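Per-entry structural report
What follows is each chain in one-letter form.
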Amino acid sequence: MMRDSEIKILLKGYCEAPDNMKKDAFIRSIGRKQQFEKVSFVKMLALQARYIRKRMWIISILLLAWAVFNISGLESEKVEIISKIMPFFACFGMIEGCRAKMHEMSELEGTTLFSAKGAYFAKMAVIAMAHFFTIVLLAVFTPGAHEKGCLIVMARLLIPYIVTSILSMEAERSIRSCGKDNEGIHIAIPFCVALVVFYGREVLYDMHVTDSLDASKVMMLLALVLVFQTIEVKKTVKLEELLWN
Amino acid sequence: MELKIDRLTKQYDSKIAVDRMSFSLEKGVTGLLGANGAGKTTLMRMMVGLLSPTSGEINYDGIPVKSEEYRNVLGYLPQDFGYYPEFSGKEFLMYFCALKGLDRKAAKARTAELLKLVGLEDVAGKKVKKYSGGMKQRLGIAQALINRPEVLVLDEPTAGLDPKERVRFRELIEKIGKEAIVLLSTHIVSDVENIADRIIMMNSGQIVWQGTWKEEDGSLEDFYLKTFMQ
Amino acid sequence: MEIEQYYDKIYRYCYFKVNNKTLAEDLTQETFLRFLGADCVYPDRYLYTIAKNLCIDEYRKNKPELTDINNCEEELGIQSGFENAIVDKLSVKQALDEISDEDRELLILRYVNDEPMSEICKLTGISRFAVYRRLKDAKSRLQVLLERGNDERFRNKDLAEGLL
């Protein structure tokens, strides 16, 4: 007995394809689709999520697994260690977000329904949400977290992350406005920034974010950092080339 | 179906890339001729809404160029374009189908249709980075046609095509020109001589000459060179 | 977006009824022109109905065969489940001709246009169970006809070679 797939191939193959140009001309003559479906924001996010490389998700999961399962065995100050990794985590996020620009696809994206701005921010939004979710879980599962209070731990993880993100976006904007667009720049910038934050942490550590410091001061620092991040995002949105699109 | 450009200007600090250009385009193929650096790409980028003009206006049937409504009927092929390195030809088109609002099923059908149209159905599964220059260009053209555009803007579309591909491309453009506004820029005169209904010659951001060109008018190339010598 | 989606489906539907590419295209376009005037809840059902009626009208007008399959030897090169036979277009056409109109319609809707069962039931007005059973019968009938046609071809081929 023939399989369904066989009969499909048989019958579909029998049928000659319609003439493309004729079809095209007819569809146009019928009249433009007066209402195109505006692509919803959720759809935008879902689409971009599909094109984010698997390595991004894998890194997030590995980080989480490492914290949850106590893999490295270093008992002391797990929180400290993880927060040192945050800048690089952010760096990966930035690189992933910039891929379209990196690979010179953003011009093409700019003439679609999404627009360049739409595509870029949708991608960044997905990454930010995924990372935020990972950080929240880290804050809950990292050993040593509960003694300090999950919110504080979350703040301590978020601060280096956001600082890296701010500096990266600032750097990227300066590069864009210069008009120089080298592929390598989009990798180099976030990475350098991550390194700066990483080493700069030592200084920050001594100055602010230590155990003995008030929880309230940590939260204030987080609030401050969030304000700057918002300003940064607003500036990027207002970026000339993205604004027009 | 009219694309109106009114005193369009683009100025970068001291350099004026596009200088008070005014013209309008209707259904048919218009060739934009000019040397490299004449301002063709800048003009086109403004026409597709990627670049903001310093002054002047562009409207399509009253719709501003900066709108989703306009982008819905627009197809654009830039001079250079890229792709995610992991993309195959098919995946590239599927991605842009999605960005142009097609759902998965429609995207699949349209991708297959377009690949056949530009003759890439045999290499659809191959990675784009393995494509020859001509194949990549054909892929770009396919991308521009996804949403059956009413306005098709092509920046140096024949670069990298071999003679056979050039002929095929001309035939395709001619057919589309019967239904849509097509603007293609080039610095190779022979490309437009046969297909374009109208020619606009551009130099230093300004229109040097515009009009129709027929076979009996003689060699377009000669005229072009002469015009630029002045 | 409706036209985009349904053009090919209606085209194929018409093609199997009239066996002529150009005619199928014209009928498809006519279907859509008639459809556009109306306001309806289920566009695809309405489209199929219009197309069906147009094909019937066409058949009444032009009884004689409208086949334009000039390349009858064109092999579809399909390795079907039965005896690795290569099936050609003419065999398929002949087999399809011998199947009843209703069965052929079911085959087209299901296997060419990939319509879901629920849709087919609504379009034909037959119960799900009946559709399932009739499709099964139609499929095996088609297979038998194709095999028979294949046997005949080989027999004819042998005959021809025997004469040489």
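Nothing here was measured: the structure is a model prediction, and the numbers come from that model.

Our next topic: the overall build of chain A. When helices and strands are tallied, chain A shows 13 helices and 0 strands. Reading chain A from its N end, one meets helices and strands in the order α-α-α-α-α-α-α-α-α-α-α-α-α. For chain A, buried positions account for 34% of its 245 residues. Intrachain contacts of chain A at a sequence separation of at least 6 include 78% that bridge at least 24 residues.

Across its full length, chain B carries 8 helices and 10 strands. For 230 residues, the compact-globule estimate of 2.2 N^0.38 gives 17 Å, and the C-alpha radius of gyration of chain B, at 18 Å, lies within 12% of that figure. Here the C-alpha coordinates of chain B stretch approximately 50 × 35 × 35 Å along the principal axes. For chain B, buried positions account for 48% of its 230 residues. Within chain B, counting contacts between residues at least 6 apart in sequence, those at least 24 apart form 67% of the total.

Residues and elements named next belong to chain C. For helix α3 (residues 43–61), spanning 19 residues, the distance from its first C-alpha to its last is 27 Å, which sits close to the expected 27 Å at 1.5 Å a residue. What α3 keeps buried is the set Leu-47, Tyr-48, Ala-51, Leu-54 and Cys-55. One side of α3 carries all its buried residues, which in axial view fall inside an arc of 130°. Away from its buried face by more than 90 degrees, α3 exposes Asn-53, Ile-56, Asp-57 and Arg-60.

Taken together, the contacts link 27 residues of chain C with 22 residues of chain A. Those elements that provide at least two residues to the side of chain C that touches chain A are α1 (2–18), α2 (21–36), α4 (89–98), α5 (101–112) and α7 (128–163) of chain C. Ranked by residues supplied to the side of chain C that touches chain A, first place goes to α1 of chain C with 8 residues. Partitioned by chemical class, the residues of the side of chain C that touches chain A number 15 nonpolar, 5 polar and 7 charged.

Our focus in this paragraph is the environment of Arg-104 of chain B. Within the fold, Arg-104 of chain B resides in helix α4 (residues 104–117). Considering only alpha carbons, one finds Arg-104 of chain B and Arg-198 of chain B, 94 residues apart in sequence, at a separation of 38 Å.

Further remarks concern the packing of helix α4 (residues 54–68) of chain A against helix α8 (residues 115–141) of chain A. Residues and elements named next belong to chain A. Direction vectors running N to C along α4 and α8 enclose 10°, while the axes themselves pass 9 Å from each other. As the angle between them shows, α4 and α8 are arranged roughly parallel. When α4 is examined against α8, the residues Met-56, Ser-60, Leu-63, Leu-64, Ala-67 and Val-68 are found in contact with a partner set consisting of Ile-127, Ala-130, His-131, Thr-134, Leu-137, Leu-138 and Phe-141. Looking at side-chain class alone, the contact of α4 with α8 contains 10 nonpolar, 3 polar and no charged residues.

Turning to the sheet that holds strand β5 (residues 63–64) of chain B, a few remarks are in order. What links the strands of a sheet is backbone hydrogen bonding, and the strands pair in either a parallel or an antiparallel sense. All names here are of chain B. Sheet architecture is open: 4 strands sit in the order β2-β1-β4-β5, paired in antiparallel fashion. Either end of the sheet is taken by a strand with one partner, and the two such strands are β2 (15–25) and β5. Bridging between strand β4 (residues 55–60) and β5 involves 2 bridges; their strand directions are antiparallel. Following the sheet pairing, Asn-59 is matched in β5 by Pro-64.

The next thing to look at is the interface of chain B and chain A. With 32 residues of chain B in contact, the opposing surface of chain A contributes 30 residues. Those elements giving two or more residues to the side of chain B that touches chain A turn out to be α2 (68–71), β6 (74–77), α3 (89–99) and α4 of chain B. With 4 residues, the single largest contributor to the side of chain B that touches chain A is α3 of chain B. Residues that form the side of chain B that touches chain A fall into these classes: 16 nonpolar, 6 polar and 10 charged.

Quick look at the nonpolar core now. Core analysis: the biggest nonpolar cluster contains 86 residues, and Val-151, Leu-152, Val-153 and Val-182 of chain B have the highest contact counts within it. The element that contributes the greatest number of residues to this core is α8 of chain A, accounting for 8 residues. Mapped onto the domain boundaries, this core takes at least three residues apiece from domain 1 (3–73 + 150–229) and domain 2 (85–148) of chain B. Once residues lying within four places of it in the same chain are set aside, the contact partners of Val-182 of chain B are Val-29, Thr-30, Leu-152, Ile-173, Ile-176 and Gly-177 of chain B. Counting 36 residues, the second-largest nonpolar core is a separate cluster that includes Leu-11 of chain A together with Phe-35, Leu-47 and Ile-120 of chain C.

Let us now look at the domain arrangement of chain B. All names here are of chain B. When cut into domains, chain B gives domain 1 (3–73 + 150–229) and domain 2 (85–148). Computed over C-alpha atoms, the centres of domain 1 and domain 2 are 24 Å apart. Facing the 9 residues of domain 1 at the interface are 7 residues of domain 2. Residues that form the side of domain 1 that touches domain 2 fall into these classes: 5 nonpolar, 2 polar and 2 charged.

Our next topic: the pairing of strand β10 (residues 206–211) of chain B. Residues and elements named next belong to chain B. Looking at chain direction, strand β9 (residues 198–203) and β10 are connected through 5 bridges and run antiparallel. Note on β10: the bridge partner recorded for Ile-200 is Gln-210. In this structure, the hairpin formed by β9 and β10 is closed by a connection of 2 residues, where Ser-204 is found at a positive phi of approximately 50°.

At a minimum axis distance of 9 Å, the contact between helix α1 (residues 4–14) of chain A and α5 of chain C shows a crossing angle of 105°. In terms of their interaxial angle, α1 of chain A and α5 of chain C are classed as roughly perpendicular. Within the contact between the two elements, α1 of chain A uses Ile-7, Lys-8, Leu-11 and Lys-12 of chain A and α5 of chain C uses Leu-107, Tyr-111 and Val-112 of chain C. A breakdown of the residues in the contact of α1 of chain A with α5 of chain C according to their chemical character gives 5 nonpolar, no polar and 2 charged.

With that settled, the discussion passes to the sheet that holds β6 of chain B. Residue and element names in this part refer to chain B. Read from one edge to the other, the open sheet built from 6 strands follows the order β6-β7-β8-β3-β9-β10, with strand pairing classed as mixed. Two strands in the sheet have a free side with no partner beyond their single neighbour: β6 and β10. If you compare each strand with its neighbour and ignore which way they point, the axes differ by 15° on average. Direction of pairing for strand β3 (residues 28–33) relative to strand β8 (residues 181–186): parallel, over a ladder of 6 bridges. Its bridge partner lying in β8, Leu-32 is registered against Ser-185. Packing of helix α5 (residues 133–144) onto the sheet brings it into contact with β6 and β7 (151–155), and relative to β6 it is tilted by some 165°.

Residues and elements named next belong to chain C. Counted at 1.5 Å a residue, the expected span for α5 with its 12 residues is 16 Å, and the 15 Å between its end C-alpha atoms agrees. Considered for burial, the residues of α5 that qualify are Glu-105, Leu-106, Leu-107, Ile-108, Leu-109, Arg-110, Tyr-111 and Val-112. Trailing α5 by a residue or two, Asp-114 shows a phi angle of about 55°, which is positive.

The rules behind each value
- Residues numbered from 1 in each chain as written.
- Chains lettered and ligands numbered in written order.
- Predicted model: local features only at pLDDT ≥ 70, side-chain atom pairs only at ≥ 80, totals over all residues.
- Helix = DSSP H or I, 4+ residues; strand = E, 2+ residues; numbered from the N terminus.
- Buried ≥ 20, exposed ≤ 12 C-beta atoms within 10 Å, placed from the backbone.
- Contact = placed C-beta atoms within 7 Å.
- Rg over C-alpha atoms; globule rule 2.2 N^0.38 Å.
- Expected span 1.5 Å × (residues − 1).
- Arc of directions from axis to C-beta.
- Nonpolar A, V, L, I, M, F, W, Y, C, P; charged D, E, K, R; others polar.
- Axes fitted to C-alpha atoms, helices over the stretch in contact; angles between N-to-C directions.
- Parallel < 35°, antiparallel > 145°, perpendicular 65-115°, else oblique.
- Pairing = 2+ DSSP bridges.
- Core = buried A, V, L, I, M, F, W, Y, C linked by C-beta atoms within 7 Å.
- Domains from an automatic or database assignment.

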